[in-house]
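So the chains spell out like this:
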Amino acid sequence: LCPQGQLLAKSWSSLFGGHSGAALRGPIFSFNGRNVLADALWPHQLAWHGSTPRGGHARRGDCQGWRSSGTAEGMASALAEGKLLAGHRHNCSTP
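Described below are features of the structure shown in this document. (Residues numbered from 1 in each chain as written. Predicted model: local features only at pLDDT ≥ 70, side-chain atom pairs only at ≥ 80, totals over all residues. Heavy atoms only, no water.)

**Looking at the overall build of the chain**
And step 1. Counting its secondary structure elements, the chain contains one helix and three strands.
And step 2. Reading the secondary structure of the chain in the N-to-C direction produces α-β-β-β.
And step 3. Here the chain holds 95 residues, and 25% of them are scored as buried.
And step 4. Within the chain, counting contacts between residues at least 6 apart in sequence, those at least 24 apart form 51% of the total.
And step 5. Entry remark: accessible area of the chain is about 6800 Å², with carbon and sulfur atoms responsible for 55%. (Helix = DSSP H or I, 4+ residues; strand = E, 2+ residues; numbered from the N terminus. Buried < 20%, exposed > 50% of the residue type's maximum accessible area, 1.4 Å probe, protein only. Contact = heavy atoms within 4.5 Å. Areas by Shrake-Rupley, 256 points an atom, 1.4 Å probe, with all protein chains shown as cover.)

Shown next, in the form of structure tokens:
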């Protein structure tokens, strides 16, 4: 449950059921209370996760050890797609 009492998922495994994770519904708020789907501060609206669609570690897709001068790629999901782990490779330099 989130602080407002809304159910986020029935279980941890339901988030990562092999179908790119749970479908996202409703707004997503940053830690400072901004709605990332509507706020211009979040132009790319990506959720960086470095995971496979089943929730496992995506080797060579997690930006671990990334440096600003590097060209590494990591897995991130476009929040507008509505799937938590429907990731695609994005350059680790993408804000």
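Here the narrative resumes, following the displayed structure.
**Remarks on the pairing of strand 2 (residues 73-78)**
And step 1. Bridge analysis of strand 1 (residues 46-48) against strand 2 gives three bridges, and the strand direction is antiparallel. For leucine 46, the partnering residue across the bridge sits in strand 2 and is alanine 78.
And step 2. Sheet analysis places strand 2 next to strand 3 (residues 88-91), joined by four bridges and oriented antiparallel. Looking at the pairing, methionine 75 lines up with arginine 89 of strand 3. (Pairing = 2+ DSSP bridges.)

**Description of the sheet that holds strand 1**
And step 1. Spatially, 1-2-3 is the arrangement adopted by the three strands of the open sheet, whose pairing is antiparallel. With one partner strand each, in any of the chains shown, strand 1 and strand 3 form the two edges of the open sheet. Adjacent strand axes in the sheet meet at a mean angle of 55° when their direction is disregarded. (Axes fitted to C-alpha atoms, helices over the stretch in contact; angles between N-to-C directions.)

**Side note on unusual backbone geometry**
And step 1. Phi angles above zero are rare outside glycine, and glutamine 45 is one such case at about 45°.
And step 2. By the secondary structure assignment, glutamine 45 is in the loop between helix 1 (12-15) and strand 1.
And step 3. The class for glutamine 45 is partly exposed, based on a relative accessible area of 22%.
And step 4. Backbone geometry at cysteine 63 places phi at a positive 60°, although glycine is not the residue there.

**Brief notes about the side chain of serine 77**
And step 1. In this fold, serine 77 is placed in strand 2.
And step 2. Of the residues examined, serine 77 reaches a relative accessible area of 0% and is grouped as buried.
And step 3. A polar contact of 3.0 Å, which involves the side chain of serine 77, links it to the side chain of histidine 49.
And step 4. What serine 77 contacts, discounting residues up to four positions off in sequence, is Gln45, Leu46, Ala47, His49, Lys83, Leu84, Leu85, Ala86 and Gly87. (Polar contact = N/O pair within 3.5 Å; in protein donor to acceptor, adjacent residues only side chain to side chain.)

By themselves, these observations are geometric and do not establish any function.
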